[in-house]
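Chain residues, written in single-letter form:
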Amino acid sequence: MDNSEQWYTREERELLHKARYFSGSHNYFFELKVAKNGSKYIVIDQRKKVGDKFVGSKIRIFEDEMLEFERVLHQLISIASGQMRVSADNLSQSSSIEVEFKDLSWENNSDICPNYFPILTTTNNWEEFEKYTFLLLKSLGIVTIKSFLGEKQAGKADGFFRTTNLSVIYDCTLAKGDIETLKSQQIINYCSQLKQGRIEFSDRIIEEFHEDHKQVWIISRQHSRKIQAINSIEVIVISINDERI
């Protein structure tokens, strides 16, 4: 047992949540704990029965590592399941893997293509682009979604939505240049709003999401990519042509 292991076993840590998953060959145990300094960490325990004994290994993911761990794990799962492609050239490099999202090819499948999608992919009118992006998000089954179209919103987001454990402020843009530079101040504002864990809409409805994972989506026709993270809030460019949206 190394020193780091002794540090954890010296005293019992507060357990916030636990879960388990049993596959045909492995057992997995997950625990969310609180360290002595108040920070949270995740323990993943994998066990496999070898003969009469269980052989296992543990990893710990600390609070400041969780978002990046989630991003990399999600990326690898998406590649393994065929949702993303990765070139052999990228595998030979030590830097992070660059992925390419598969095109949905809506225009080639009239059975699943919404009748407004051709407009969404060609319009130069920002109001149309924003309106039909909202309809596209709704068509994906997002129930808790609010569009700010028509409101006095200079410099503000175009909408907000929540899924099970994700809260997103989104901004639609037809800009062709450097989005990170063009939207820099707005991105800071969106991240500040999300950091508060609540949004008050113009109709006096308040949505609270303190414990959710939080992201800012810049929805455009540019290729999908993560552009930065501010206070653990990811800022991502999402292409309307990609499976990710």
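Residues numbered from 1 in each chain as written. Predicted model: local features only at pLDDT ≥ 70, side-chain atom pairs only at ≥ 80, totals over all residues. Heavy atoms only, no water.

Trainee: I'm lost on the overall build of the protein in this one. Help?
Mentor: The helix and strand tally for the protein stands at seven helices and 14 strands. Put simply, the protein has 245 residues, and 34% of those count as buried. Considering only contacts within the protein whose residues lie at least 6 apart along the sequence, 38% involve residues at least 24 apart. Counting every atom, the protein has about 15,600 Å² of accessible surface; 49% of that belongs to carbon and sulfur. (Helix = DSSP H or I, 4+ residues; strand = E, 2+ residues; numbered from the N terminus. Buried < 20%, exposed > 50% of the residue type's maximum accessible area, 1.4 Å probe, protein only. Contact = heavy atoms within 4.5 Å. Areas by Shrake-Rupley, 256 points an atom, 1.4 Å probe, with all protein chains shown as cover.)

Trainee: It is not clear to me how the environment of Phe148 should be interpreted in this structure. Could you clarify?
Mentor: Positionally, Phe148 belongs in the loop between strand S7 (144-147) and strand S8 (159-162). The class for Phe148 is buried, based on a relative accessible area of 13%. Each C-alpha atom of the pair Phe148 and Gly159 lies 5.3 Å from the other, and the pair is eleven residues apart in sequence.

Trainee: Sorry if this is basic, but what is going on with the pairing of strand S12 (residues 213-220) here?
Mentor: As a general feature of sheets, a regular strand has side chains that alternate between the two faces. By the criterion of burial, S12 is predominantly enclosed, with eight of the eight residues buried. What you see with S12 is no split at all: His213, Gln215, Trp217 and Ile219 on one side and Lys214, Val216, Ile218 and Ser220 on the other are buried throughout. Here seven bridges tie strand S9 (residues 166-172) to S12, and the two strands are oriented parallel to one another. Its bridge partner being in S12, Cys172 is matched across the sheet by Ile219. Pairing between S12 and strand S14 (residues 233-239): six bridges, direction parallel. From the neighbouring strand, Ile218 faces S14, where its bridge partner is Val237. (Pairing = 2+ DSSP bridges.)

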